[in-house]
Amino acid sequence: MSQVEDMRVARAQTTIDIDDVKHFLRISDGKEEWDRHSRMVQIISEDPVFDKSRRLHMARKELYFRGLAITKRLLDFQEKYHWSDQDVDAALAIIDEGIPLYLHHMAFLPVILSQGSTEQVKTYGGLGRAHAILGAYAQTELAHGTQVSKLETTATYIPETREFELHTPRLESTKWWIGALAKFATHCVVQARLILPEGDKGVHLFLLQIRSLESHKILPGITLGDIGPKAFGGMPATDNGFMRLTHVRVPLSAMLSKFASVTEQGQYKVPVHSKLGYGGMVYIRASMISHGGWLTAKAVTIAIRYGIVRRQGNGPPGQETQVITYPSLRHRLLPILSRAYAWIFVGRGMITLYSEMLSQLAEESTSLLAETHAVSSGLKVLVASSTSADLETARRSMGGHGYSAMAGIGRLWANWVPANTYEGDNYVLVQQVIRAAVKSLQAVVSSSDPVEAARSLPQSTYFLRLLPDLTATHVAAAPLTWSAADAIYLLELRAAHMVQDYASHLEPQSSDGSADWRVARAVTEAFVALRIGKVIVEVEKKLRTPSAATVVALMRLYLLSTLETALVDLLSFDLIPRRTPNSTETTLSGRDPTRSLRSAIANLEQEILPEVIGLTDAFGFTDWELDSALGVKDGRAYEALWERAQLEPLNETEIPAGYEEYIKPILERGRVLVQRGKAKL
């Protein structure tokens, strides 16, 4: 059977309404949003500036220049087609190129708009939206990243001239890793310590022009440059830069002053809440959740499509077996597919929470700030780490060809893997998750009515209502059917027990290097499980059968797969009922109590398998978007791989350029050595 026929048969098997699921995956208005997306993909993909056929063979300078050309063309399109700011953001997600303009839209502008005064938003927000200025967000320093409170760059106020003096006092204070800063940006928002006559007021935000708007030359007192190539060749079109400031003066109005400000006399005007200025800093973190979902969707679409057309091993007479039918392969890929859907769904809720928080901050209310920070921290860690692992698993699932850059997943991984350390190192952020969970626990147990206090907990720690001290249920009810409800309950119960245990061993915890990671993961997975439960209800209301049944099964697979990875915790706290060897009686002893869970997962994977091509087609990716020889929609993977190999520059000549200088002398020397050997004989 040909690859095209294999793909045709796979599509014929699916029973879901692909368009319905496709529209449901979109964030807001379903079909209308999808139609806008499709029009943008068509406009972009048909323009030669966005051609990807030579991208793999370009040097970094060429890729950077190509990124600038793409930037200009996108903004040409914005003017031509009257795209909104949101449309430009959508276009940046579509091209998935990691160009400097992405940092302008995702880091610089959001901070200006959320942290600037009314006048600053009007002036610099307007200039930024029109791209009359181009910006970067300068937070990280050479010796300090995640711990923002320890940044060393200073902004010292000089009352006599009504100016701030920005200065990096030593090499370690140099701003480092700042995307779009090295060559692209004209301005940046600088995180610096506010030094007033009365003392150090901590880190605040300052707007700094770094280049001339006429010549693009670097302004006096500022040293800029590119930090060099990134690991694995990732993000080559982004000019991550360094910046040193030598007593650079900026006016009083340069301090972003929506919440905190300084008078002309140098007096500090304290914000209503000390954390009000932190709101804009979680935007990128909040947006990473959906991004991780769509990136996982690309990788698993490529891997599943190739798994359908790739045949290995003995199969029906005259044929080999489709590798997607091997249990070991589908057990690797289908849980990844479930996580792609889960992150997309959970990402919606994260953006909604962030938007609600911003609205409250505008009214100087911080009631959602702690919750948004805790949720975004936990989800960032979970999605960044799992997506990194899932991309690599998807690549390996394709065998040797997965190592080819033309397979398309290697580039996705190289561009995503720094997500584990930017916007907060994962191993540091988990401490934020733990701190919020323990704080909620202490509030519950110290309350005069702990049961009522637990019922009013925020979503991030709502699982604490299941604390053993508050309920008589210590283990899951038996027999388990491994339903979605069973899984959600167990994941919440696990988190409750782990947080309580962690809090009761706070002192010795410092010697347990894995405790923060394990407990934070349990906390976040409990939150996600609760959210997935709500998604299932939404799916059953909005999708028709069999689409609803299939998506629900996929979400149940997500929950059960998560349980499987949590078995050490579940068994440690005796949260799964066990059975005696020859009885249906539930006890806390007996043989392997996890066998039925793994059987349920295997049955689900078997049930979902005929629908995988429909579930991946529902993501709606074009071949241009995937940019993968092995993931082409029509199934002609090997033809596509052959055609792309012909574009390799080494194939342009029959005799390589280095033949005369290197290969020929090697061969000639070898022949001389052979002749000498013969003479000796």
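Rules used throughout
Residues numbered from 1 in each chain as written. Predicted model: local features only at pLDDT ≥ 70, side-chain atom pairs only at ≥ 80, totals over all residues. Heavy atoms only, no water. Helix = DSSP H or I, 4+ residues; strand = E, 2+ residues; numbered from the N terminus. Buried < 20%, exposed > 50% of the residue type's maximum accessible area, 1.4 Å probe, protein only. Areas by Shrake-Rupley, 256 points an atom, 1.4 Å probe, with all protein chains shown as cover. Lys, Arg positive; Asp, Glu negative; His and termini not counted. Charge placed at Lys NZ, Arg CZ, Asp CG, Glu CD. 1 Å grid on protein atoms, 1.4 Å probe; cavity = no way out; pocket = protein on both sides within 12 Å on 5 of 7 lines; lining within 4 Å. Points joined across faces, edges and corners; volume = space filled by probe spheres on them. Patch = residues over 30% accessible without salt bridge, like charges linked within 9 Å, V, L, I, M, F, W, Y side chains within 5 Å. Salt bridge = Lys/Arg side-chain N within 4 Å of Asp/Glu carboxyl O. Phe/Tyr/Trp six-rings, centres within 6.5 Å; stacked < 30°, edge-to-face > 60°. Pairing = 2+ DSSP bridges. Axes fitted to C-alpha atoms, helices over the stretch in contact; angles between N-to-C directions. Nonpolar A, V, L, I, M, F, W, Y, C, P; charged D, E, K, R; others polar. Core = buried A, V, L, I, M, F, W, Y, C linked by side-chain atoms within 4.5 Å. Contact = heavy atoms within 4.5 Å. Parallel < 35°, antiparallel > 145°, perpendicular 65-115°, else oblique. Left-handed = near helix turned anticlockwise from the far one by under 90°. Expected span 1.5 Å × (residues − 1).

Bringing the overall build of the chain into the picture now. Check the secondary structure of the chain and you find 22 helices and 15 strands. With the C-alpha coordinates aligned to their principal axes, the bounding extent of the chain is approximately 90 × 90 × 65 Å. Among the 681 residues that make up the chain, the fraction classed as buried is 52%. Taken as a whole, the chain presents about 31,000 Å² of accessible surface, with 55% of it coming from carbon and sulfur. Distance between charge centres in the chain, computed from 73 positive and 75 negative side chains, equals 4 Å.

This brings us to the layout of surface pockets. Each pocket or cavity is described by its volume, and for the second largest pocket that value is around 590 Å³. In terms of lining residues, the second largest pocket is bounded by 27 residues, among which Leu-56, Phe-232, Gly-233, Gly-234 and Arg-411 are the most central.

Our next topic: a nonpolar patch on the surface. On the surface, a cluster of nonpolar side chains totalling about 290 Å² of accessible area is made up of Tyr-662, Ile-663 and Leu-667. Position of Tyr-662 relative to the elements: it lies in helix H22 (residues 659-680).

Glancing now at the pattern of salt bridges. Oppositely charged side chains may form a pair once their charged atoms are brought near each other. Taken as a whole and judged by the stated rule, the model has 43 salt bridges. Among the ionic pairs, Glu-525 bridges to Arg-494, the shortest N-O distance being 2.7 Å. One end of the pair, Glu-525, is in helix H15 (residues 515-542); the other, Arg-494, is in helix H14 (residues 484-503), with 31 residues separating them in the sequence. Here Glu-525 and Arg-494 have matching classes, each one buried. Residues joined by salt bridges that share partners form a network here, namely Arg-55, Arg-66, Glu-97, Arg-411, Asp-627 and Arg-644.

Within this structure, the stated rule accounts for 18 aromatic pairs. Summarising the aromatic geometry, the rings of Trp-176 and Phe-242 are spaced 5.6 Å apart at their centres and angled 20° between planes, so their arrangement reads as stacked. Of the two residues, Trp-176 sits in strand S4 (residues 175-178) while Phe-242 sits in strand S8 (residues 241-245), which places them 66 residues apart along the sequence. The interplanar angle of 75° and the centroid separation of 6.0 Å between the aromatic rings of Trp-294 and Phe-619 together place this pair among those described as edge-to-face. Residue Trp-294 is found in helix H8 (residues 283-309), and its partner Phe-619 is found in the loop between helix H19 (612-617) and helix H20 (623-626); the two are separated by 325 residues along the sequence. By the burial criterion, Trp-294 is buried, and Phe-619 matches it.

To continue, consider the sheet that holds S4. Here we have three strands laid out as an open sheet, ordered S4-S8-S7, and antiparallel in their pairing. Either end of the sheet is taken by a strand with one partner, and the two such strands are S4 and strand S7 (222-226). Averaged over neighbouring strand pairs, the angle between their axes works out to 20° when direction is ignored.

The next point concerns empty space enclosed by the protein. Where empty space is left becomes clear once a probe the size of a water molecule has been rolled over the atoms. Under the criterion given, the structure shown has four cavities of 30 Å³ or more. When its volume is computed, the largest cavity comes out at roughly 110 Å³. Along the wall of the largest cavity there are 15 residues; nearest its centre are Arg-55, Gly-408, Arg-411, Leu-626 and Asp-627. Residue composition of the lining of the largest cavity, grouped by class: six nonpolar, one polar and eight charged. Looking at the second largest cavity, the residues that line it are Ala-374, Val-375, Gly-378, Leu-379, Val-433, Ala-436, Ala-437, Ser-460, Thr-461, Val-523, Thr-524 and Phe-527. Elements with a contribution of two residues or more to the lining of the second largest cavity: helix H10 (369-397), helix H12 (426-445) and H15. Counting residues per element, the lining of the second largest cavity draws most heavily on H10, at four residues. Per-class residue counts for the lining of the second largest cavity are eight nonpolar, four polar and no charged.

Next up on the list: the nonpolar core. Grouped together as the largest cluster of nonpolar side chains are 149 residues, with contacts concentrated most on Tyr-341, Leu-559 and Phe-619. The element contributing the most residues to this core is helix H9 (residues 327-362), with 17 residues. Leaving out residues up to four positions away in the same chain, Leu-559 has contacts with Ala-484, Ala-487, Ile-488, Leu-491, Ala-529, Ile-532 and Ile-536. Counting 51 residues, the second largest nonpolar core, distinct from the first, contains Phe-50, Leu-74, Ile-178 and Val-248.

For the rest of this paragraph, the subject is the pairing of strand S3 (residues 163-167). Of all five residues making up S3, four are buried, and the element is well covered by its neighbours. Taking the residues that link successive antiparallel strands as the turn, the strand S2 (residues 154-158)-S3 hairpin has four residues, and the phi of Arg-162 there is positive, at about 55°. Of the pairings in the sheet, the one linking S3 to strand S9 (residues 248-251) comprises four bridges and is antiparallel in character. Residue pairing in the sheet places Leu-166 in a bridge with Val-248 of S9.

Interhelical geometry of H14 versus helix H16 (residues 547-565) gives an angle of 40° and a closest axis separation of 9 Å. When the axes of H14 and H16 are compared, the pair comes out oblique. For the pair H14 and H16, the crossing hand works out as left-handed. Together, Ala-484, Ala-487, Ile-488, Leu-490 and Leu-491 of H14 and Arg-556, Leu-559, Leu-560, Thr-562 and Leu-563 of H16 make up the contact between the two elements.

Here H16 contains 19 residues, and its C-alpha end-to-end distance of 27 Å stays within 8% of the 27 Å for a straight helix at 1.5 Å per residue. The buried fraction of H16 is high, at 15 of 19 residues.

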